[in-house]
Each structure stands twice: as C-alpha cells, then as structure tokens.
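As a plain string of letters, each chain reads:
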Amino acid sequence: MGNDARQSCDILISGTGYYAEIMLADLAATARTPLSVVIAGRNTARMAWLVEACRARAANFGTPVTFSSAQLDSTSAASIAETLDGIRPRVIVQSASAQSPWRVDNNESDWARLVAKAGFGLTIAFNSLLSFRTASAMKTLGLDGHFVNTCYPDGVNQVLAQAGLPITSGVGNIAIFSAIIGGRLPPEQRADLRVLAHHRHIVEWRKPPSQRAGAPVRAWVGDRELTDIDARTGDIQLPHRELNLISAANAVPVLLALAGEGARRVHVPGPGGRTGGYPVIADASGVVLDLPAGLTEEEALAWNAQFEDADGVSIRDGQVIYAERVRSLLAEHSPELAKGFRVSDVEEAAAALGELRDRMTA
C-alpha cells in the first residue's frame, strides 16, 4: 500500500511495532467520534495489514474511526517533514525508537550488560533520536498539533523541551501504575485516582518486592493519600514485553482527548517536558497538571527528580548529565561519551553511542 493519506488527519502514529499495534487496535475499538488515523512507517506490508486489521476492528465494534497509511522516512528531520507537510496531523505519536528495550533486557551481550549496570538512562540519545527529528520537522513546518512521545518520555521529553522543540506529553510508564492501582480499587473510586511515579518504578517493580529500592509510587483517591501502596501491590512483579498490554492501552485515552473527544483525567510521563509522571487533564488544547490538594508542582517535580540518579541520567540547563556510576562505566569504553552531551547534539550523541553499541554487540 503506497501513500494513501494526502490530507489532514486527526492522529498520525509513526512506527509499526508491537506498541503501535496495541494503540491502533484499541483506537479502533474505543473511538466514539469520527476520527482519521494514519499509520506511518517504512514497512509497506506491515502497514497494509495494520490498516486492514484496524478497519475490521472498527467494523466489529461499530466505531466511526478510519485508517490509512503513509510512507515515512525517519532518517532525517527533512524527510519526516516531507510526509508531515502533506498530512498536517492534529496529533503526532512517535512510537519507534533507535534502541528497543527488548534488546537490552536479555543480558545477552556486553552492551545489554552495560545498560543493566548503568540504568536505562544510558540509552537516552537513542531514545531521543527519532523524536528529536520529528519534533524538529514539526517546528520547521510550523505545525501546531500535539506531539506525543512514547520512547523513554521521563527523560527524552526534557531533552526536547530544553532544545526548544514542541512536546505535549509522553504516554505509558506512570499510567502502568495508575491502571494497576486503579484496577484494585472499587470502581466508584477509580475516576478520583491520582498517582505520582517515575520510569524508575518500572525497573523496581520488575524485581521481587523484597528487593525493591527507593521511595514507592504515591497515590491519592481524591485528595486523600493512600499510605499502603506497597501492601496493596506487593504481590505484583511486572513482566517485560507483556507490559505493552497495559502501557500502550494507556495511551489511547490520552490520544482521544488530544484529538478532541473531550477532557479526561489521565496519567502521563513528561508532560510539557517535565521529569517523571503526573496526573493531568488532557483535552484538545493539551495537558495541564491535576495534582491533589496540598501538593504543589514544585514538590511533585522534586519528588520525581529523586529517581533520576537511579535511572542514570538527568537533564540540566540544556546538558544531558550521566550519573556518577554511569560516567565511570562509560569512561572505561569512551571517556568522551562519559561527558554527556548538549540537548542540541542528539544526532552526534546517538551516532557515537551507536559505535559503542556496535563494538559491544559484535
């Protein structure tokens, strides 16, 4: 299927992987208003099947959403701009990454073992790369649509914001916790749930409960904080790939709200380029924090910032700074990489990190 999307659309999803597949399938099943969705990528056969499957799901569920595809070359901001300029989406979702998390969770190479020791923050240049190009294309074109990044948004969204690029929000991560905790509440309490959490909590919740470190996830019902979250969730040990069944599904209410289906209270990572994840109200105008009474934005930001060192990276004054243990580990392989990089230098940083990854996976 060649490019069959030539006009403005409501939601464009860049990427055709497992995460995108779940988002698309759930959009087909849950959209309540007539929305047009474009699937963008390079794999023509894969896009053709996703379009056909999603059209079939929309027919099954009786939803008024339509699907089409567009060829997208993500090798540069300029090539991305060529596609975006012909479509002018209201919401753009970047779901592809230059570093799949599944390739570093297996302990099968020196590179995977380095990331395991250093923390996922080591990969921030890879996870920033395609989003950096897409946001740069949006800025060049003057697109005023919403940009949603699915790739390590707790860190990457800070890079984009400090580079002066558009970023509305991330999806996933914190929403895993809000969904799990909400699923264990009485149904009448779920709409009033507010959660604070960081990407680092995913790493900790993959461990047996007795081995977890750091402050636990925080949650409120209304303005009443739940003080027994560990007790409520202590039996849970998160899987790896299967997490997308929750994480990607969490993206759908956010995308529908941004596309104009009405305001919703949701949980998102990196809203507006902030560190960590927060409860927000999302609608066609964007996202705004929706914190419980008595918790200021400054307090929420500081609480999330405490996890950056464990994740291995922080972004300050336009500079990506690796934690001390990450710098030490990287310096053994590349003293230059250990210095971090400017947020404007994502392309160069990703290329240098790619050379190291190639050497360590050879």
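For the structure itself, consult the block above.
Residues take numbers from 1 onward in each chain, read along the sequence in its written order. Two thresholds apply to this predicted model, a pLDDT of at least 70 for residue-level local features and 80 or more for giving and counting side-chain atom pairs, whereas whole-chain, interface and lining totals are computed over all residues. Only heavy atoms go into the side-chain values, all of them from the structure, while hydrogens and water stay out.

1. What about the overall build of the chain?
Where helices and strands are cited, they refer to DSSP runs of H or I of at least four residues and of E of at least two residues respectively, numbered from the N terminus. Along its length, the chain carries 14 helices and 15 strands. When we talk radius of gyration, it's over C-alpha atoms, and the globule rule is simply 2.2 Å times the number of residues to the 0.38. A globule of 362 residues ought to have a C-alpha radius of gyration of about 21 Å, and the chain, at 20 Å, matches this closely. Along the longest, intermediate and shortest principal axes, the C-alpha atoms of the chain span 50 × 50 × 35 Å. Once local pairs closer than 6 in sequence are excluded, the contacts in the chain between residues at least 24 apart make up 71%. Surface exposure of the chain reaches about 14,600 Å², of which carbon and sulfur atoms provide 50%. When checking whether two residues touch, look at their non-hydrogen atoms; a contact exists if any pair is within 4.5 Å. Residue-level accessible areas treat just the shown protein chains as cover; the underlying method is Shrake-Rupley with a 1.4 Å probe.

2. Quick word on the pairing of strand S8 (residues 218-221)
The pairing of strand S7 (residues 193-196) with S8 spans four bridges and is classified as antiparallel. When the sheet's bridge partners are listed, Leu196 is paired in S8 with Arg218. By definition, two strands form a pair when at least two bridges between them are found by DSSP. Between S8 and strand S9 (residues 224-226), which pair antiparallel and follow one another directly, the connecting turn spans two residues, one of which, Gly222, has a positive phi of 65°.

3. Side note on the environment of Ala257
Along the polypeptide, Ala257 turns up in helix H10 (residues 244-261). Partly exposed residues are those whose accessible area sits between 20% and 50% of the maximum for their type, while under 20% is buried and over 50% is exposed, using a 1.4 Å probe and protein chains only. Residue classification places Ala257 among the buried positions, given a relative accessible area of 0%. In contact with Ala257, not counting residues within four places along its chain, are Gly262, Arg264, Ala282, Asp283 and Ala284.

4. Points about the nonpolar core
Within this scheme, the nonpolar core is defined by two criteria: the residues are buried Ala, Val, Leu, Ile, Met, Phe, Trp, Tyr or Cys, and they are joined through side-chain atoms within 4.5 Å. The biggest cluster of nonpolar side chains holds 51 residues, and the ones touching the most others in it are Trp111, Leu122 and Ile124. With residues near it in sequence (within four places) discarded, Leu122 still touches Trp111, Leu114, Val115, Tyr322, Val326, Leu330 and Leu353. Grouped together as the second largest cluster of nonpolar side chains are 46 residues, Ala58, Tyr278, Val287 and Ala300 included.

5. Observations regarding the packing of aromatic side chains
In this analysis, rings of Phe, Tyr and Trp, with Trp reduced to its six-membered ring, are considered paired at centre separations within 6.5 Å, and the interplanar angle assigns stacked below 30 degrees, edge-to-face beyond 60, and tilted for intermediate values. For the structure shown, the criterion picks out four aromatic pairs. Residues Phe120 and Tyr152 carry aromatic rings whose centres are separated by 5.4 Å and whose planes lie at 85° to one another, so their mutual orientation is edge-to-face. Separated by 32 residues along the polypeptide, Phe120 in the loop between helix H4 (110-118) and helix H5 (124-141) and Tyr152 in the loop between strand S5 (146-149) and helix H6 (153-162) bring together distant segments of the chain. The two residues Phe120 and Tyr152 agree in class, both being buried. When the ring of Trp303 is compared with that of Phe307, the centres are 4.9 Å apart and the planes differ by 70°; the resulting orientation is edge-to-face.

6. Comments concerning the environment of Ala163
Along the chain, the position of Ala163 falls in the loop between H6 and strand S6 (169-170). For the pair formed by Ala163 and Val343, sequence separation is 180 residues and the distance between their alpha carbons is 5.6 Å.

7. Considerations on helix H11 (residues 297-305)
Residues of H11 that are buried: Ala300, Trp303 and Asn304. An end-on view of H11 places all buried positions within 95° of arc, on one side of the element. For H11, exposure combined with an orientation more than 90 degrees from the buried face picks out Glu298 and Ala302. Those residues of H11 that are buried lie in contact with S7, helix H8 (199-205), S8, strand S11 (277-283) and helix H12 (308-311). For this quantity, the arc is that covered by the directions from the helix axis to the C-beta atoms.

All quantities given are derived from atomic positions and should not be read as evidence of function.
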